[in-house]
Amino acid sequence: MAYLARRTGQALIVLAVAFTATFVLLQALPGDAILIKFESPELGLSPEQIADIRASYGADNTVIEQFLHTLSGFVVGDFGYSVQYGTAVHDLIGAALPGTIALAGFGFLVAVVIAVGLAVLSTLAPFAWLRSFLRSLPGLFVSVPVFWLGIVLIQVFSFQLRLVPVIGADPVQGLILPVLTLAIPISAPLAQVLVRSIDDVQLSPFVAVVRAKGASPRWVLWRDVARNAVLPTITIAGVLIGELIGGAVVTETVFGRAGIGRLTEEAVRNQDVAVLQAVVVLAALVFVAVNLVVDVVYPVLDPRLKRKAVAA
């Protein structure tokens, strides 16, 4: 219980720091979203009307007042109002979030499949050159920019091979290329850590004993090595959530998908501070929550860490 309370306290501190840092940085940005939208000559608003609009958004309050107002709103789930759309930010995020969750969720599942496939094949492949080639692929995957990969996949599978339509695609077809674009770079560190863990576990004395009894390499891998080798991979999977969110934002922009990525792009272009603040804090919340779950589950999977956690 003390271990869980300590981890939860650390997670809350991270969220508080993320919120404060985001608020300070966004306040330091040049320009004013209200003036960008309402000072246009086409609207014909008077300076007095613009001043009233600024007052309604609280833009004339001191920085401390704005910080406390924003913080109190976030605590109760009120993210304020978007200057660009004139609607509540939580409504915008609620409409955009399902598409991003679907993309990130399927992307992570495909990344796990790719990583496990590469790790298993690079361990059990019959030829040394094939094992070496498979082990080199994660290094290639991790170096590929997400936006470039998305453009290449569109060019090859949509324009050249005409296998996946870009225009008029159904929901399933519309997910294929974005999911691959997101999954391939994410799978690289997972595969690298998993391969390294498999190599380390295979050098353990208990594995040598099992092999001496005549067990096949496949049997040793699945029955004795896999459970121990997967533990470090769980940790890196939690760390990769941040990269997964960032990759989803870029992927949605490349493929023109509605989601948090498109919302963030438009908020940056229009300096919609309330939306940007909410998106960053939401991303931090997801990252912290996933890593908190990993911290809690890890001692359950590894009894040695469970004893340390209880002792602490």
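See the structure shown above.
We now turn to the structure provided with this report. (Residues numbered from 1 in each chain as written. Predicted model: local features only at pLDDT ≥ 70, side-chain atom pairs only at ≥ 80, totals over all residues. Heavy atoms only, no water.)

Another aspect to go through is the overall build of the protein. What the protein contains, in helices and strands, is 14 helices and 0 strands. Each helix (α) and strand (β) of the protein, taken in turn from the N terminus, gives the series α-α-α-α-α-α-α-α-α-α-α-α-α-α. Buried positions account for 38% of the 312 residues belonging to the protein. Within the protein, contacts between residues at least 6 apart in sequence are counted, and of these 72% link residues at least 24 apart. Counting 20 positive and 20 negative side-chain charges, the protein places the centres of these two groups 24 Å from one another. (Helix = DSSP H or I, 4+ residues; strand = E, 2+ residues; numbered from the N terminus. Buried < 20%, exposed > 50% of the residue type's maximum accessible area, 1.4 Å probe, protein only. Contact = heavy atoms within 4.5 Å. Lys, Arg positive; Asp, Glu negative; His and termini not counted. Charge placed at Lys NZ, Arg CZ, Asp CG, Glu CD.)

Turning to the packing of helix H9 (residues 205-212) against helix H10 (residues 217-239), a few remarks are in order. Following both chains from N to C, one finds H9 and H10 inclined at 175°, their axes separated by 11 Å at the closest point. Our classification of the angle between H9 and H10 gives roughly antiparallel. Residues Phe206, Val207, Val210 and Arg211 of H9 pack against Val220, Asp224, Val225 and Asn228 of H10. Grouping the amino acids of the contact of H9 with H10 by side-chain chemistry returns 5 nonpolar, 1 polar and 2 charged. (Axes fitted to C-alpha atoms, helices over the stretch in contact; angles between N-to-C directions. Parallel < 35°, antiparallel > 145°, perpendicular 65-115°, else oblique. Nonpolar A, V, L, I, M, F, W, Y, C, P; charged D, E, K, R; others polar.)

What follows covers the packing of helix H5 (residues 89-124) against helix H8 (residues 173-202). The N-to-C vectors of H5 and H8 enclose an angle of 40°; their axes lie 6 Å apart at closest approach. Accordingly, the angle class assigned to the pair H5 and H8 is oblique. The two elements H5 and H8 meet at a crossing, and its hand is right-handed. When the residues that make up the contact of H5 with H8 are grouped by side-chain class, the tally is 24 nonpolar, 5 polar and no charged. (Left-handed = near helix turned anticlockwise from the far one by under 90°.)

Among the secondary structure elements, Val146 is positioned in helix H7 (residues 146-160). Assessed through its relative accessible area of 18%, Val146 is described here as buried. Those residues in contact with Val146 that sit more than four places away from it in its chain are Thr181, Pro185, Gly247, Val250 and Thr251.

A few words now on a nonpolar patch on the surface. A contiguous nonpolar patch, built from Leu4, Val293, Val296 and Val297 and spanning about 280 Å² of accessible area, is present on the exposed surface. Residue placement: Val297 occurs in helix H13 (residues 273-301). Classification of Val297 by relative accessible area gives partly exposed; the value is 35%. (Patch = residues over 30% accessible without salt bridge, like charges linked within 9 Å, V, L, I, M, F, W, Y side chains within 5 Å. Areas by Shrake-Rupley, 256 points an atom, 1.4 Å probe, with all protein chains shown as cover. Salt bridge = Lys/Arg side-chain N within 4 Å of Asp/Glu carboxyl O.)

Further remarks concern the nonpolar core. Soluble, globular proteins show a tendency: their nonpolar side chains are buried together. Ranked by size, the top nonpolar core spans 29 residues in total, and within it Leu103, Leu118, Phe141, Ile186, Leu190 and Leu244 carry the most contacts. Those elements giving two or more residues to this core turn out to be H5, helix H6 (128-142), H7, H8 and helix H11 (241-255). By residue number, the principal contributor to this core is H8, which donates 10 residues. Not counting residues within four places of it along the chain, the set of residues in contact with Leu118 comprises Leu134, Leu137, Pro138, Phe141 and Ala191. Grouped together as the second largest cluster of nonpolar side chains are 17 residues, Leu26, Phe74, Ala278 and Val281 included. (Core = buried A, V, L, I, M, F, W, Y, C linked by side-chain atoms within 4.5 Å.)

Applying the stated criterion to the full structure yields 2 salt bridges. Of the charged contacts in the structure, one is a salt bridge between Arg269 and Glu265, with a shortest N-O distance of 3.9 Å. Of this pair, Arg269 and Glu265 are both found in helix H12 (residues 260-270), 4 residues apart, which corresponds to roughly one turn of the helix. Here Glu265 falls in the partly exposed class, since its relative accessible area comes to 33%.

All right, on to the side chain of Thr181 then. Residue placement: Thr181 occurs in helix H8. Taking relative accessible area as the criterion, Thr181 reaches 1% and is therefore assigned buried. Residues within four places of Thr181 in sequence aside, it is in contact with Val146, Leu149, Gly150, Leu153, Thr251 and Phe255.

One pass over the structure, following the stated rule, counts 5 aromatic pairs. When the ring of Phe19 is compared with that of Phe74, the centres are 5.2 Å apart and the planes differ by 65°; the resulting orientation is edge-to-face. Of the two residues, Phe19 sits in helix H1 (residues 2-27) while Phe74 sits in helix H4 (residues 63-75), which places them 55 residues apart along the sequence. Overall, the relative accessible area of 4% leaves Phe19 in the buried class. One aromatic cluster in this structure is built from Phe19, Phe23, Phe67, Phe74 and Phe79. (Phe/Tyr/Trp six-rings, centres within 6.5 Å; stacked < 30°, edge-to-face > 60°.)

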